[in-house]
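Fold and geometry: a report
For reference, the chains in residue letters:
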Amino acid sequence: MRNRNYLLNIIVIRLFSRKNILLMVLLYCLIKIHLNPIVSFSVVSQCKISPWIYPLLISDANFLMLFAGGIIWFYSDIPFNHIWNSYIVLRLGREKWLINQLIYIIVSAFIIPLEVIGLTWIAIFPRMEFQYDWGKIIYTLANTSVGSEFSILWKISPQYIEKYNALEAMLMGILISGLGIAFMGILMFAICLIWGRICGLISGSLLVAFSSVAANVIIPQQQLFHMLSPVSYMRVGRIGVSIGGYQVMPSIIYIVWVYTIGTIICSFIGYLRIKRMNLKWKREKE
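Right, let's walk through the structure included here.

Procedures and definitions
- Residues numbered from 1 in each chain as written.
- Predicted model: local features only at pLDDT ≥ 70, side-chain atom pairs only at ≥ 80, totals over all residues.
- Heavy atoms only, no water.
- Patch = residues over 30% accessible without salt bridge, like charges linked within 9 Å, V, L, I, M, F, W, Y side chains within 5 Å.
- Areas by Shrake-Rupley, 256 points an atom, 1.4 Å probe, with all protein chains shown as cover.
- Salt bridge = Lys/Arg side-chain N within 4 Å of Asp/Glu carboxyl O.
- Helix = DSSP H or I, 4+ residues; strand = E, 2+ residues; numbered from the N terminus.
- Buried < 20%, exposed > 50% of the residue type's maximum accessible area, 1.4 Å probe, protein only.
- Expected span 1.5 Å × (residues − 1).
- Bend = angle between axes of the 7 residues up to and from the residue.
- Phe/Tyr/Trp six-rings, centres within 6.5 Å; stacked < 30°, edge-to-face > 60°.
- Lys NZ or Arg CZ within 6 Å of the ring centre and 35° of its normal.
- Disulfide = S-S within 2.5 Å.
- Arc of directions from axis to C-beta.
- Contact = heavy atoms within 4.5 Å.
- Axes fitted to C-alpha atoms, helices over the stretch in contact; angles between N-to-C directions.
- Left-handed = near helix turned anticlockwise from the far one by under 90°.
- Nonpolar A, V, L, I, M, F, W, Y, C, P; charged D, E, K, R; others polar.
- Core = buried A, V, L, I, M, F, W, Y, C linked by side-chain atoms within 4.5 Å.
- Parallel < 35°, antiparallel > 145°, perpendicular 65-115°, else oblique.

Before going further, it helps to spend a moment on a nonpolar patch on the surface. A contiguous nonpolar surface patch, about 740 Å² in accessible area, is contributed by Ile194, Trp195, Ile253, Trp257, Ile261, Ile265 and Ile269. Of all the secondary-structure elements, those providing two or more residues to the nonpolar patch are α10 (166-195) and α13 (252-276). With five residues, α13 is the largest single contributor of residues to the nonpolar patch. Examined against the element boundaries, isoleucine 253 turns out to sit in helix α13. Judged by its relative accessible area of 57%, isoleucine 253 is exposed.

Okay, structure coming up:
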């Protein structure tokens, strides 16, 4: 019971913290900038927008880089020792404390995409209309050049919306981005336990920077760079898409396996570290 209450406290306090609220506000501003041109096109064309925007939006390299930067900031205070000091670790036991931290990171990693989906719906309301398929607006943007006329900052792949229906794409987007965020959080967590918080932040920042490099190399090399860039995997709108005759993204099976194995390895490293860690943490100001 004590262990469960501790975990619930972590989830409630962190998800309703000022930092998370501020992150959501900043993400909403970013989403609004990206979606306002689509709303304008919707008004001109007198067609409603289907709500399945998220997997297409997160596939934009610029949006993803800023989004991933927000994730680094969100997890910047791991292992959350400014709230739960060494007394809590000793009271719960090192293993239970570690498990609670890992569960929190994984739960929050899947809550964040759901929050972002909600923000996209708010951003396109009242032009949004629930539809079973992608809808006329998305089909038109994917198959014509009208997006450039409305200064839309990102492109929609016609191959992707032909290959996957809207529900499949949404589920894929939630799964892949949730696994990706969890991997980033647990990687930073493990590195923080070994070398300190600054190193954890640097590691996350390097992953984000490498995703930008992967998005800007020439097409033949993008396949290799994307294979080596875990953050780039979250560009789900490019999975199964050919560009210039090349499949630039790895398969969804490959992505899930890399995220899963990477998360397990980082968790095990964290376990080995916490078993040997000398607990001398001090309370910090939020």
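Along its 28 residues, helix α2 (residues 18-45) runs 39 Å from first to last C-alpha, staying within 8% of the 40 Å computed at 1.5 Å per residue. Bending of α2 peaks at approximately 40 degrees at the position of leucine 35, with proline proline 37 no more than four residues after it. Looking at the residues trailing α2, positive phi occurs at glutamine 46, about 60 degrees.

Geometry of an aromatic ring pair is reported as the spacing of the ring centres plus the angle between the planes. Inspection of every chain in the model, using the stated rule, returns 13 aromatic pairs. Through a chain of ring-to-ring contacts, the aromatic side chains of Phe183, Tyr233, Tyr254 and Tyr259 assemble into a single cluster. The ring of tryptophan 73 carries lysine 19 above its face, with NZ or CZ at 5.5 Å from the centroid.

Cis geometry marks the peptide bond from phenylalanine 125 to proline 126; its omega dihedral reads 5 degrees. Looking at where proline 126 falls in the secondary structure, it is placed in the loop between α6 (94-124) and α7 (136-143). At glutamine 46, a residue that is not glycine, the phi angle is positive and equals roughly 60 degrees. In this structure, serine 151 takes a positive phi of about 55 degrees despite not being glycine. Tracing the backbone through its elements, the reader meets serine 151 in the loop between α8 (146-149) and α9 (158-163). Note on serine 151: relative accessible area 51%, which makes it exposed.

Tallying each qualifying case throughout the model produces zero disulfides. Cysteine 192 provides the cysteine sulfur closest to cysteine 199, a residue in no disulfide bond, and the two sulfurs are 8.3 Å apart.

A separate point is the environment of isoleucine 264. Within the secondary structure layout, isoleucine 264 lies in helix α13. Under the relative-accessibility criterion, isoleucine 264 is labelled exposed at 54%. Between the alpha carbons of isoleucine 264 and leucine 187 there is a distance of 9.8 Å; along the sequence they are 77 residues apart.

Residues of α7 that are buried include every one of Ile137, Ile138, Leu141 and Ala142, and no others. Around the axis of α7, the buried residues are gathered within 125 degrees of arc, so they sit on the same side. Buried residues along α7 sit in contact with α2, α3 (54-57), α8 and α9.

Where α10 contacts helix α11 (residues 197-216), the axes come no closer than 7 Å and their chain directions differ by 145 degrees. Our pair here, α10 against α11, has a crossing hand that is right-handed. When α10 is examined against α11, the residues Phe183, Met184, Leu187, Met188, Ile191, Cys192 and Trp195 are found in contact with a partner set consisting of Arg197, Cys199, Gly200, Leu201, Ser203, Gly204, Leu207 and Val208. When the residues that make up the contact of α10 with α11 are grouped by side-chain class, the tally is 11 nonpolar, three polar and one charged.

Okay, the environment of leucine 119 next. Relative to the helices and strands, leucine 119 resides in helix α6. Leucine 119 sits in the buried class, given a relative accessible area of 12%.

Attention shifts here to the nonpolar core. Formed by 85 residues in total, the largest nonpolar core has its most connected members in Phe67, Tyr75, Trp134, Trp154 and Tyr160. Of the residues forming this core, the biggest block, 19 residues, is contributed by α10. With near-sequence residues (within four places) excluded, tyrosine 160 lies in contact with Pro55, Leu56, Trp134, Ala169, Met172, Val236, Gly237, Ile239 and Val241.

In the contact formed by α6 and α10, the axes pass within 8 Å of each other and the chain directions differ by 140 degrees. In terms of orientation, α6 and α10 fall into the oblique class. Crossing angle aside, the handedness with which α6 passes α10 is right-handed. Seen from α6, the contacting residues are Trp97, Leu98, Gln101, Leu102, Ile105, Ile106, Ala109, Phe110, Ile112, Pro113, Leu114 and Ile117; seen from α10, they are Met170, Ile174, Leu175, Ser177, Gly178, Leu179, Ile181, Ala182, Gly185, Ile186 and Phe189. Of the residues assigned to the contact of α6 with α10, the class counts are 19 nonpolar, four polar and no charged.

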